[in-house]
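Here is what each chain is made of, one letter per residue.
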Amino acid sequence: MEMRSEKIMKGRVFAGARALYRAAGVPGEDLGRKPIIAIANSFDEFVPGHVHLNKVGRLVSEAIKEAGGIPREFNTMAVDDGIAMGHTGMLYSLPSRDIIADTVEYQVNAHCADALICIPNCDKIVPGMLMAALRLNIPTVFVSGGPMEAGTTVLSDGTVKQNTDLISVMYASADDNVSDEDLLAYEKTVCPTCGSCAGMFTANSMNCLTEAIGLALPGNGTILASHGFRKDLFRRAARQVVEIARRYYQEDDASVLPRSIATKEAFENAMTMDVAMGGSTNTVLHILAMAQSADVDFTLDDIERISHTVPCICKAAPSGKWEISDVHRAGGITGILGELDRAGKLHRDVHSIDYPDLESKLADWDIMRDTCTEEAKTMFRAAPGHIVSPEPWTHTTLFDELDTDREHGAIHSIDHPEIKEGGLAVLHGNLAPDGCVVKTAGVPEEIWKFRGPALVVESQEQAIEVILNNTLKPGMALVIRYEGPKGGPGMQEMLYPTSFVKGKGIGKQVALLTDGRYSGGSSGLSIGHIAPEAASKGPIALIKDGDIISIDIPARTVNVELTDEELAQRRAELEAGDGYVAHRDRKVSLALKAYAAFARSADKGATRDPELINKLSGLA
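Residues numbered from 1 in each chain as written. Predicted model: local features only at pLDDT ≥ 70, side-chain atom pairs only at ≥ 80, totals over all residues. Heavy atoms only, no water.

Draft legend 1. Structural view of the pairing of strand 6 (residues 160-164). As paired strands, strand 5 (residues 151-154) and strand 6 are joined by 4 bridges and run antiparallel to one another. By the bridge assignment for strand 6, Gly151 is matched with Thr164. Between the end of strand 5 and the start of strand 6, which pair antiparallel, lie 5 residues, with Gly158 showing a positive phi angle near 95°. (Pairing = 2+ DSSP bridges. Helix = DSSP H or I, 4+ residues; strand = E, 2+ residues; numbered from the N terminus.)

What follows is the structure, given as structure tokens:
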């Protein structure tokens with residue numbers, strides 16, 4: 001197989017291209033002889049999950065060079081959802097996913113790179129790079145920056161709060177019983193290291209999912225950013241991308257390509273793992289987008305089917321008490337996959353960037369198997385170092401022993417689930433004909449069935465206002481609309497409303513429903529991704545204050561107690577008026593309008609509409 005770069009590495013016509021590669025530091029003797037490995041790095045000084053990735057990029061670059069490749073590093077953007085949240089900055093978060101995917105595709109194809117290693121970490125960056133990798137379909141390895149350690153907060157009265165995180169300070173900010181002094185104590189201590197926010201939020205959920213689908217090495221989702229073992233993982237990933245590039249171009253081994261690995265069976269395995277660990281609802285949005293990039297027929301119906309048959313066996317923060325480091329100590333993602341495999345819940349005829357099949361991978365990396373390697377057993381003992389620093393790999397602290405308790409530990413066996421329902425569920429009904437999503441792992445069982453009057457708002461800002469001024473009362477269902485992909489535009493993430501209802505002490509007494517989306521840090525009865533959205537004339541646009549909302553998670557239903565005739569009458573009244581428009585003061589830039597023009601609904605992953613693009617472009 002001829003390398004992609006060979007087209008510009010020979011012949012007189014491309015002497016200029018070769019001159020530029022030489023000027024960029026590539027030795028002349030390497031041109032045309034070694035594969036060009038693009039390093040898509042998302043280093044960014046805004047984001048603590050990415051602030052250390054400049055050092056990672058240099059490390060990976062040197063390791064690729066040592067392994068026989070030509071490393072060429074470039075950067076993508078990265079939006080910090082925690083900083084952007086609660087104001088119009090969050091409108092830019094989801095649209096950045098497409099820009100990141102485009103950036104990677106543009107860089108790789110413009111410079112004829114032969115292979116790709118992606119270094120993402122947070123939120124939209126992981127799925128954006130995954131979408132690009134699946135479009136490009138060249139040898140690719142993912143290696144994330146790693147999760148942050150949880151914090152320890154000491155309050156003014158001497159109370160010690162263990163395992164605090166970003167959500168802790170957000171809860172505290174809405175709690176009138178928390179003093180300014182204690183709020184500052186949280187602010188200073190909840191984010192002690194570099195890395196993606198501690199807990200099974202969107203970033204860590206996506207990094208775990210990337211490992212489960214087979215495009216990242218074991219440990220990718222759970223080794224802490226601060227641990228020395230993460231440094232070893234970066235080097236291993238660099239060697240792996242050179243190895244699979246060699247196999248593809250020298251041995252014609254197409255099995256190493258992303259689309260060969262990310263088959264429908266692999267998507268189903270990854271989603272099964274996600275349901276089993278109660279990952280962020282945002283993973284639903286992103287895995288649907290990834291499947292479309294891979295041309296895999298994987299839809300919301302497949303996720304709904306999986307959610308009915310897989311229990312939650314790993315309930316990590318913010319839904320449970322376990323931190324990412326605890327999940328890692330219990331065997332990480334291969335530990336969860338091992339339990340699911342023993343229960344017959346996985347497709348076994350899948351492979352990954354490093355193993356020819358699932359069985360051989362689990363034989364080496366599932367800590368519950370006698371065949372598990374010593375390397376794996378040591379790696380999974382990586383523990384927090386409790387060193388407050390933005391620097392990576394500051395320590396090599398180890399747990400005394402692994403967590404193999406499958407009844408009471410961080411990972412349960414299928415016979416002893418944390419909850420019998422899966423950690424994620426897809427609901428349907430007359431309020432969401434095309435579906436919506438709820439993180440059941442974060443919903444107290446006493447409100448799995450809910451019935452109450454609607455309080456309707458037209459934006460996240462209005463939602464925050466009615467929560468903080470106590471207009472939202474126990475027993476109500478807060479309906480937040482016109483926050484979908486088109487209506488927002490940008491489908492902004494809404495952690496503030498879910499945090500503030502908890503801070504107000506009514507988190508177990510209200511429901512929140514939106515055509516927007518929630519953070520991976522959200523919990524409670526928070527139902528998002530309602531489709532069709534209000535801006536696309538979905539039924540959520542027809543709800544009025546006082547309408548009775550009925551939710552039944554076990555039955556997978558969400559309805560407004562109105563007849564079809566009543567809904568039709570309201571639709572006619574709305575269309576006779578000023579149409580489906582959110583009545584609010586929100587300035588929307590041309591860039592966001594461009595995103596809205598092509599965005600599809602959440603049940604399609606909020607992706608661009610390919611039919612509309614093809615029609616308008618006039619290109620096949």
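Having seen the model, we can carry on.
Draft legend 2. Up close: the pattern of salt bridges. Across all of its chains, the model carries 40 salt bridges by this definition. Two residues, Lys10 and Glu6, come together in a salt bridge whose shortest N-O distance is 4.0 Å. For Lys10, a relative accessible area of 47% puts it in the partly exposed group. Residue Arg135 is joined to Asp102 by a salt bridge in which the shortest nitrogen-to-oxygen separation is 3.1 Å. In this pair, Arg135 is assigned in helix 5 (residues 125-136) and Asp102 in helix 4 (residues 93-110), connecting sequence segments 33 residues apart. Here the residues in one salt-bridge network are Glu339, Asp341, Arg342, Arg348, Glu359, Asp366, Arg369 and Arg406, joined through shared partners. (Salt bridge = Lys/Arg side-chain N within 4 Å of Asp/Glu carboxyl O. Buried < 20%, exposed > 50% of the residue type's maximum accessible area, 1.4 Å probe, protein only.)

Draft legend 3. Examining the sheet that holds strand 2 (residues 70-75) more closely. The strand order across the open sheet formed by 4 strands is 2-1-3-4, and the pairing between neighbours is parallel. Taken across any chain shown, the strands that pair with only one partner, and hence form the sheet edges, are strand 2 and strand 4 (140-142). Shown here is a sheet whose adjacent strand axes are inclined to one another by a mean of 20°, direction ignored. As defined by bridge partners, strand 1 (residues 36-41) adjoins strand 3 (residues 115-119) across 5 bridges and the pair is classed as parallel. From the neighbouring strand, Ile39 faces strand 3, where its bridge partner is Ile117. Relative to strand 1, helix 2 (residues 53-67) is tilted by about 170°, and along the sheet it contacts strand 1, strand 2 and strand 3. (Axes fitted to C-alpha atoms, helices over the stretch in contact; angles between N-to-C directions. Contact = heavy atoms within 4.5 Å.)

Draft legend 4. Representation of the side chain of Arg406. Take Arg406: it is sitting in the loop between helix 17 (374-379) and strand 7 (425-429). The exposure class of Arg406 is buried, given its relative accessible area of 8%. Among residues more than four places away in sequence, those in contact with Arg406 are Ala330, Gly335, Glu339, Ile367, Met368, Ile411, His412, Ser413 and His416.

Draft legend 5. Representation of helix 22 (residues 610-617) in the model. The N-terminus of helix 22 is capped by Asp609, whose side-chain oxygen sits 3.1 Å from the backbone nitrogen of Glu611. Within two residues after helix 22, Gly618 carries a phi angle of roughly 75°, on the positive side. (Polar contact = N/O pair within 3.5 Å; in protein donor to acceptor, adjacent residues only side chain to side chain.)

Draft legend 6. The arrangement of the state of the cysteines in detail. Counted according to the given criterion, the structure contains 0 disulfides. Here Cys194 is not cross-linked by a disulfide; its sulfur's nearest cysteine counterpart is in Cys122, at 10 Å. Here Cys372 is not cross-linked by a disulfide; its sulfur's nearest cysteine counterpart is in Cys314, at 17 Å. Taking relative accessible area as the criterion, Cys372 reaches 5% and is therefore assigned buried. (Disulfide = S-S within 2.5 Å.)

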